[in-house]
Amino acid sequence: QVQLVESGGGVVQAGASLRLSCAVSGHTFSTLGWFRQAPGKEREFVAGITWNGISTHYPDSVKGRFTISRDNAKNTVYLQMNSVNPEDTAVYYCAAAKAVYTTIIPTWQSAFAAWGQGTQVTVSS
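Here is a short report on the structure shown in this document.

Conventions and cut-offs
Residues numbered from 1 in each chain as written. Predicted model: local features only at pLDDT ≥ 70, side-chain atom pairs only at ≥ 80, totals over all residues. Heavy atoms only, no water. Helix = DSSP H or I, 4+ residues; strand = E, 2+ residues; numbered from the N terminus. Rg over C-alpha atoms; globule rule 2.2 N^0.38 Å. Buried < 20%, exposed > 50% of the residue type's maximum accessible area, 1.4 Å probe, protein only. Areas by Shrake-Rupley, 256 points an atom, 1.4 Å probe, with all protein chains shown as cover. Pairing = 2+ DSSP bridges. Axes fitted to C-alpha atoms, helices over the stretch in contact; angles between N-to-C directions. Core = buried A, V, L, I, M, F, W, Y, C linked by side-chain atoms within 4.5 Å. Contact = heavy atoms within 4.5 Å. Salt bridge = Lys/Arg side-chain N within 4 Å of Asp/Glu carboxyl O. Phe/Tyr/Trp six-rings, centres within 6.5 Å; stacked < 30°, edge-to-face > 60°. Lys NZ or Arg CZ within 6 Å of the ring centre and 35° of its normal.

## A look at the overall build of the protein
For step 1, the next point in the chain: In terms of regular secondary structure, the protein is built from zero helices and 11 strands.
For step 2, the next point in the chain: Rg of the C-alpha trace for the protein: 13 Å, near the compact-globule value of 14 Å for 125 residues, within the 12% margin.
For step 3, the next point in the chain: Considering only C-alpha atoms, the protein reaches an extent of 40 × 25 × 25 Å along its principal axes.
For step 4, the next point in the chain: Counting the 125 residues in the protein, one finds 43% classified as buried.
For step 5, the next point in the chain: By element, 50% of the accessible surface of the protein is carried by carbon and sulfur atoms, the whole surface being about 6,400 Å².

This is the structure:
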């Protein structure tokens with residue numbers, strides 16, 4: 001029932017900033033997250049946020065550089081990417097967790113029930 005559409009990807013220079021957006025259709029009160037997948041690599045968790053926006057979680061690879069936020073009135077979740085580097089090059093996906101996850105942030109793919117189509121981010125060096 002929940003559908004997600006990412007936008008905002010593109011080609012940027014190392015050290016630059018980029019903001020990805022994800023439009024969410026259908027009501028969801030669950031945790032939202034961002035994942036990424038680089039060629040030849042597994043899809044990995046990069047950010048998550050609970051429904052009320054109080055709690056966020058990031059892996060060490062992006063902590064301090066990426067910020068996830070959500071605007072429930074606009075049904076949109078964002079990923080602010082600062083100080084990007086070539087290792088950030090990947091297809092970025094937003095996802096909605098299963099309904100049971102509202103106050104915690106899972107980092108495993110099977111906990112997420114709906115996925116966007118992805119948006120490409122390429123960082124040049």
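Next comes the rest of the write-up.
## Some points on the sheet that holds strand β3 (residues 18-25)
For step 1, the next point in the chain: Spatial ordering of the open sheet is given by β1-β3-β8-β7, a layout of four strands whose pairing is antiparallel. Edge positions in the sheet fall to β1 (3-7) and β7 (66-71), since each has one partner strand and no second. Each strand of the sheet is rotated relative to its neighbour by a mean of 20°, with strand direction disregarded.
For step 2, the next point in the chain: The pairing of β3 with strand β8 (residues 76-81) spans six bridges and is antiparallel. Looking at β8, one finds that Ser21 is bridged to Tyr78.

## Observations regarding the nonpolar core
For step 1, the next point in the chain: Residues Leu20, Trp34, Ile68, Leu79, Met81 and Tyr92 are the most contacted members of the largest nonpolar core, which totals 27 residues.
For step 2, the next point in the chain: At the level of elements, β3, β4 (32-37), β5 (44-49), β7, β8, β9 (90-97) and β11 (119-124) are the ones that each hand at least two residues to this core.
For step 3, the next point in the chain: When residues no more than four places from it in sequence are discounted, the contact partners of Met81 are Ala16, Ser17, Leu18, Leu20, Arg65, Phe66, Tyr92 and Val121.
For step 4, the next point in the chain: If you look at the next biggest cluster of nonpolar residues, it comprises eight residues, including Phe45, Ala97, Tyr101 and Ile105.

## Observations regarding the pattern of salt bridges
For step 1, the next point in the chain: Summed over the entire model, instances satisfying the criterion amount to four salt bridges.
For step 2, the next point in the chain: A salt bridge links Glu44 to Arg36, with the nearest nitrogen and oxygen atoms 2.7 Å apart.
For step 3, the next point in the chain: The shortest N-O distance in the salt bridge between Arg65 and Asp88 comes to 2.7 Å. Within this pair, whereas Arg65 is found in the loop between β6 (56-57) and β7, its partner Asp88 is found in the loop between β8 and β9, the two being separated by 23 residues in sequence. For the pair Arg65 and Asp88, a shared accessibility class is recorded, and that class is buried.

## Some points on the packing of aromatic side chains
For step 1, the next point in the chain: Considering all chains together, one arrives at six aromatic pairs under this definition.
For step 2, the next point in the chain: Ring centres of Phe29 and Trp51 lie 4.9 Å apart, and the angle between their planes is 75°; on these two criteria the pair is classed as edge-to-face. A residue pair is termed long-range when its members are at least 10 positions apart, and Phe29 in the loop between β3 and β4 and Trp51 in the loop between β5 and β6 qualify at 22 residues.
For step 3, the next point in the chain: Relative accessible area serves as the criterion here: at 28%, Trp51 is assigned to the partly exposed category.
For step 4, the next point in the chain: Here the aromatic rings of Phe112 and Trp115 are separated by 6.1 Å at their centres, their planes lie at 55°, and the arrangement is tilted.
For step 5, the next point in the chain: It is Arg43 that lies over the ring of Trp115; its NZ or CZ is 4.9 Å from the centre.

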